[in-house]
Amino acid sequence: MSKMLKICKSWFICLSIIFLTTFYPYGKLYSDPLQESNPDHFIDSLLSIMTIEEKIGQLNMFHWPWSAQDDSFKTVYEKMIRDGKIGSFLGIYGVKNTKELQKIAVEESRLGIPLLFAFDVIHGWRTIFPVPLAEACSWDLETIEKTARAAAVEATSSGIHWTFAPMVDIARDPRWGRIVEGSGEDPFLGSMIAAARVKGFQGDKLDDENTLLACAKHFTAYGGVEGGRDYNTVDISDRTLFEVYLPPFHAAVKAGVATIMGAFNEIAGVPMHANEQLLTSVLRNQWGFNGLVVSDWTAIKELQSHGVAADPAAAGMLALRAGVDIDMVSGIYLTELPALVKAGKISEDLINQAARRVLKAKHALGLFNDPFKYHNIQREQNNILSAENLQLARDMARKSIVLLKNSANILPLKKNLKSIALIGGLATDQVSPLGAWAGIGDTHDVISILEGIRGAVSPKTKVSFQAAYDSNGFENYGEFQKASDLVKKCDAAIVVLGEPAQMSGEAASRADIGLPGDQTRLIRMLVKNNKPLVLILMNGRPLALDEVAEETSTILETWHLGVQMGNAVADVVFGDYNPSGKLTVTFPRTNGQIPVYYNHKNTGRPPDFSDHYTSKYIDIPWTPLYPFGYGLSYTTYSYNDLKCDRRSMIINDSLLISVQVTNNGPWEGEEIVQLYLQDEVASVTRPVKELKGFKRIHLKPAESQKVEFLITPDMLSFYDQRMMKTVEPGKFKVFIGGSSENTIEQTFELMQ
Ligand code: GLC
C-alpha cells in the first residue's frame, strides 16, 4: 500500500473512531452505515474502541449447562455477558432462551456486541436424518445438501447461528466410534460430501436468516488414531496426511466454510491445537482460509496432558500462536491472555487478529445489522418437523440403505404374507435410529422398524415381535428359544441385529466389532429353521460379520437412519424402493484384518493365493468381506464398451472415457457408476486404485445408458518424494463398475 494511502487509511480510522466515540453512544453499533458500506473499516473501528479484555471476551466460548443442579450459573454468565467476557455459547437453544441472552449482550454490555449461539447440528435438528456415514452411502450429493439445508432451516428457527458440522474426518478403522460421523474412507467422495454439506448449512447468502456458519472438523487426521481408540496418537506420513486426511478440509475451504474446528489428537508429536504449521501455514497461508478456528472441547487445556504445555498460560500461548481463535469451554484464553499481553509475552496483534475473525463471522451473519434476526418465534413454530422435511428424511434414509446379500432372492418380501416374525430388540428401539449426535431429536418422532413393517403389510398379515436380546445384545433369559419357535410358525422372519446408538460416536471405540453380545448365536440358531429370513443390520460402523455372512442368505445394512427409519426399511424390504446404496467404508471379515481399505498399496509381494510368500493371512482370505463401493440391487446392471477417446493424452490435456451401463433385470433402479484410476508406475508407490469420479444414474428395466467421465491432469496428481504435487507421464489403468472390486478395465498413456 503506498505511503499516501497508508496515511489516508490511518486518518480515516481515526476519524471513524472520533465519530464512533463522540457521536455514537456505545452499544448503538447497529445503525452504523459503515458496517454495510465498509465492513472491514467497521470492524477495525469497533476493535479500536474495544478494551483488551473485551477483545479476549470474544475469544471465549462457554457451554450452557442444562444439566446443572440449579440455575445459579445463569447469574454468573449473565454478568459475564454484560462485562463482555463471553463471545459465544454452545448448547443453549430455543428462540426464548437465546433471545434473553442476546438482549443482555446487545442492550446491557458496553459495546453491545452480539453473541453467537452454536450447536452440534450433525445430521438434523429436530427432523433427524440418517447418520452421516449412512447418508454417504447414498452417494447422492444433491440430497445430502438438501438434508443439511433442512437442518439449517430448523436450527436457525430455534436461534442457532453455528453448527459444528460437517465432520469430514476420513476413517479407515471401524473400531473408531466416530467413523459414524463422517463419510467413510475415501478422500475424493469425502471431499465432495464435505462441500455439499457446507453449502447446505451455509446456503447461498450467509446473512440470510436461515443459514448456519458451518464448521469443518476435526482438523486434522483425527480418523487416523492408533488402534481406532478415540483421542489416541496419530502418527502418519506427510504423504498420507496430504493425500488422505487433508483433501476434505481443503474442499470445505474451497466451498467457503466459515469455521474450522481443531482435532484433539497430535500428529507425529505435535498436538493439533499447537500446530502452527497446519493451522496457519497450510490452512491459512497455502489454502487462503480466512474464517475462524475454534478449539474442540477443552482441547487447549489438554495441551498440558499432551505434555507440550507446563501450565494453562503456556497452553493458551501455544494455541493462540498456532492459530486457534476461540477457546471452547476451557476458559484459558479468558483467564490467561490478559496477563500474557500485559507481560509482553504475546502481542496484542494476535488478540486483534483472532477477535477480528470472530467479529467478521458475526458480521457475515448480519448480526450487527439485526442481532435478533434468528429469534423469530413464528419461524420456530412453523419450520420444525415439517411434512416436507419428514419426506426428505424418508427419501434420504431409503437411499442410505445398502443391500449386502440377497443370494436366495428372498427380498423383496410380499406385503400380503400371512405371518412375519420380527425378532430383535432394536426393531422397537426409538432411540438408536437417532444415532450418535442426535441433538434435540425426540425419540417420539422416530418410526421404529416394527412400526414401519406393520404400517407396510396388508391388514391380514400378522407381524409377531420377540425382542430376544437386551440393549447390549445379550439374550433375555429363554427368549432365543421363543424367537426360534416363533420363526418356525411364520412365513418369513425379519431379524434386526447390530449396535444401539451409544456403541458408536464420540468416546465409543470398540476393540471387537463383531455383533454385540449373543447376537451371532441368535442368528445362527434362527437360520436353522430354514425359513425365508432377512437379517437387518442397525449399526454405526462396519461390523466384522464373517461367520454371520456365511450362514445368512439375505443381509440389509440400514445403519441408524433417523426419524423415518421404520418407513425407509419397510420401503426397501417390501420393494417400494429398490436399494441403491453403496458402502463408503470397507467391511472387514474379522477384527484382525483392520485396517483394510480399498485404496491400499500393491506392496512388493501383492497377495497371491498360489504363492506362500506373498502378503496375506494364513487363517482368513486377505480380501474384505464387503469392499468400498459395494452394494446390490433388486435388479442387475452390466457394464460394457469401456472406451477412452484416445490411447494417450499429454499433460494439460484431457481424455474422455465412456461406458455403457444396462439394467438387465425386472426392476427400475439407481446405479452408482464408479470411476477408479491407477498410476501404474511413479516415483513413489501409488494406490492400486483411487476413486476419481462417480455418477448416479436411473435405469428402467432393459434400459441402457452411456456414461462419460472426463479425465484431467489434476486427477492424476500426487505428492512426489519431495512432497511436491506433481503429475508424471506413464501408463494409467481405468476401472469402471458398480463397486471398487467389480469393474471393467482399460488403459491409457500420459505422455510428457
Ligand atoms: C466434542 C466433539 C466435537 C463437538 C464438540 C462440541 O468433544 O469432539 O465434535 O463439536 O465437543 O460438542
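None of these values were measured; they are calculated from a predicted model.

### Observations regarding helix α8 (residues 141–157)
Under the 1.5 Å per step criterion, the end-to-end length of α8 is 24 Å for 17 residues, consistent within 8% with the ideal 24 Å. All of the buried residues in α8 are T143, I144, T147, A148, A150, A151, A152, E154, A155, T156 and S157. Close packing links the buried residues of α8 with α6 (95–108), α7 (132–136), α9 (187–202), α17 (377–383) and α18 (387–400). Taken from the residues just after α8, G159 is the one with a positive phi, measuring 90°.

### What about the environment of N406?
Within the secondary structure, N406 sits in strand β11 (residues 402–406). Remark: the alpha-carbon pair of N406 and V168, spanning 238 residues in sequence, is separated by 32 Å. The contact partners of N406, leaving out residues within four places of it in the chain, are L411, S553, T554, L632 and Y634. Reaching out from N406, the side chain makes a polar contact with the backbone oxygen of L411 at a distance of 3.0 Å.

### Quick notes on the site of the ligand
Inspection of the region around the ligand gives 13 residues, with D120, R178, K217, H218 and D296 positioned closest. Here an oxygen atom of the ligand sits 2.8 Å away from a polar atom, N or O, in the side chain of K217. Within the contact set of the ligand, an oxygen atom lies 2.6 Å away from a side-chain nitrogen or oxygen of D296. If the ligand stood free it would expose 310 Å²; the protein chains cover 94% of that surface. Tallied by class, residues from the shell around the ligand come to 7 nonpolar, 1 polar and 5 charged.

### Details of the packing of helix α5 (residues 72–82) against α6
Orientation of α5 relative to α6, taken along the N-to-C sense of each, is 35°, at an axis distance of 8 Å. As for how α5 packs across α6, the hand of that crossing is right-handed. Of the residues in α6, those in contact with K74, E78, I81 and R82 of α5 are E100, L101, I104, A105 and E108. Looking at the contact of α5 with α6 residue by residue, the classes come out as 4 nonpolar, no polar and 5 charged.

### Focus: the pairing of strand β20 (residues 669–679)
For β20, the tally of buried residues reaches 11 of 11 residues, placing the bulk of the element in the interior. Side chains G669, E671, V673, L675, L677 and D679 project from β20 onto one buried face, and the interleaved E670, I672, Q674, Y676 and Q678 project onto a second face that is buried too. Bridge count for β20 against strand β21 (residues 690–699) is 9 bridges, and the pairing is antiparallel. The residue bridging Y676 from the neighbouring strand is L691, located in β21.

### Concerning the environment of G693
Tracing the chain through its elements places G693 in strand β21. In this structure the C-alpha to C-alpha distance between G693 and S740, which are 47 residues apart in sequence, comes to 12 Å.

### Some details on the pattern of salt bridges
This structure, assessed with the given rule, holds 43 salt bridges. R126 is the salt-bridge partner of D442, the closest N and O atoms lying 3.8 Å from each other. Within this pair, whereas D442 is found in the loop between β12 (419–423) and α19 (449–456), its partner R126 is found in the loop between β3 (116–119) and α7, the two being separated by 316 residues in sequence. With a relative accessible area of 24%, D442 lands in the partly exposed category. Measuring nitrogen to oxygen at the nearest pair gives 2.7 Å for the salt bridge that ties K415 to D576. Of this pair, K415 sits in the loop between β11 and β12 while D576 sits in the loop between α23 (565–573) and β17 (637–644); the two residues are 161 residues apart in sequence, bridging distant segments of the chain. Owing to a relative accessible area of 30%, K415 belongs among the partly exposed residues under this scheme. Judged by its relative accessible area of 43%, D576 falls in the partly exposed class. Residues joined by salt bridges that share partners form a network here, namely D140, D395, K399, E670 and R696.

### Considerations on the side chain of T586
For T586, the location among the structural elements is in the loop between α23 and β17. Beyond its immediate chain neighbours, meaning those up to four positions away, T586 contacts E185, P542, V596, Y597, Y598, P624, Y626, P627 and F628.

### Some words on the sheet that holds β12
One open sheet accounts for 6 strands, arranged β11-β16-β15-β14-β12-β13; its pairing is mixed. Only two strands of the sheet have a single partner each, and these edge strands are β11 and β13 (462–466). For this sheet, the mean angle separating the axes of adjacent strands, direction not counted, is 20°. Pairing of β12 with β13 involves 5 bridges; the strand directions are parallel. Within the sheet, the bridge partner assigned to L422 lies in β13 and is F465.

### As for the domain arrangement of the protein chain
When cut into domains, the protein chain gives domain 1 (396–593) and domain 2 (637–751). For domain 1 and domain 2, the distance between their C-alpha centres works out to 35 Å. Counting residues at the interface gives 7 residues for domain 1, matched by 10 residues for domain 2. Of the roughly 650 Å² buried between domain 1 and domain 2, counting both surfaces, carbon and sulfur atoms make up 53%. The largest per-residue losses of area from domain 1 upon contact with domain 2 belong to N578, S580 and K582, which jointly make up 70% of the total buried on that side. Counting across the domain 1 and domain 2 interface gives 1 salt bridge. Salt-bridge contacts for K582 lead to E671; the nearest nitrogen and oxygen are separated by 3.1 Å. Connecting domain 1 to domain 2 are 4 residue pairs in polar contact (both at pLDDT 80 or more). Looking at the side of domain 1 that touches domain 2, its residues break down into 2 nonpolar, 3 polar and 2 charged.

Procedures and definitions
- Residues numbered from 1 in each chain as written.
- Predicted model: local features only at pLDDT ≥ 70, side-chain atom pairs only at ≥ 80, totals over all residues.
- Heavy atoms only, no water.
- Helix = DSSP H or I, 4+ residues; strand = E, 2+ residues; numbered from the N terminus.
- Expected span 1.5 Å × (residues − 1).
- Buried < 20%, exposed > 50% of the residue type's maximum accessible area, 1.4 Å probe, protein only.
- Contact = heavy atoms within 4.5 Å.
- Polar contact = N/O pair within 3.5 Å; in protein donor to acceptor, adjacent residues only side chain to side chain.
- Near = heavy atom within 4 Å.
- Areas by Shrake-Rupley, 256 points an atom, 1.4 Å probe, with all protein chains shown as cover.
- Nonpolar A, V, L, I, M, F, W, Y, C, P; charged D, E, K, R; others polar.
- Axes fitted to C-alpha atoms, helices over the stretch in contact; angles between N-to-C directions.
- Left-handed = near helix turned anticlockwise from the far one by under 90°.
- Pairing = 2+ DSSP bridges.
- Salt bridge = Lys/Arg side-chain N within 4 Å of Asp/Glu carboxyl O.
- Domains from an automatic or database assignment.
- Buried area = accessible area lost by both parts, 1.4 Å probe.

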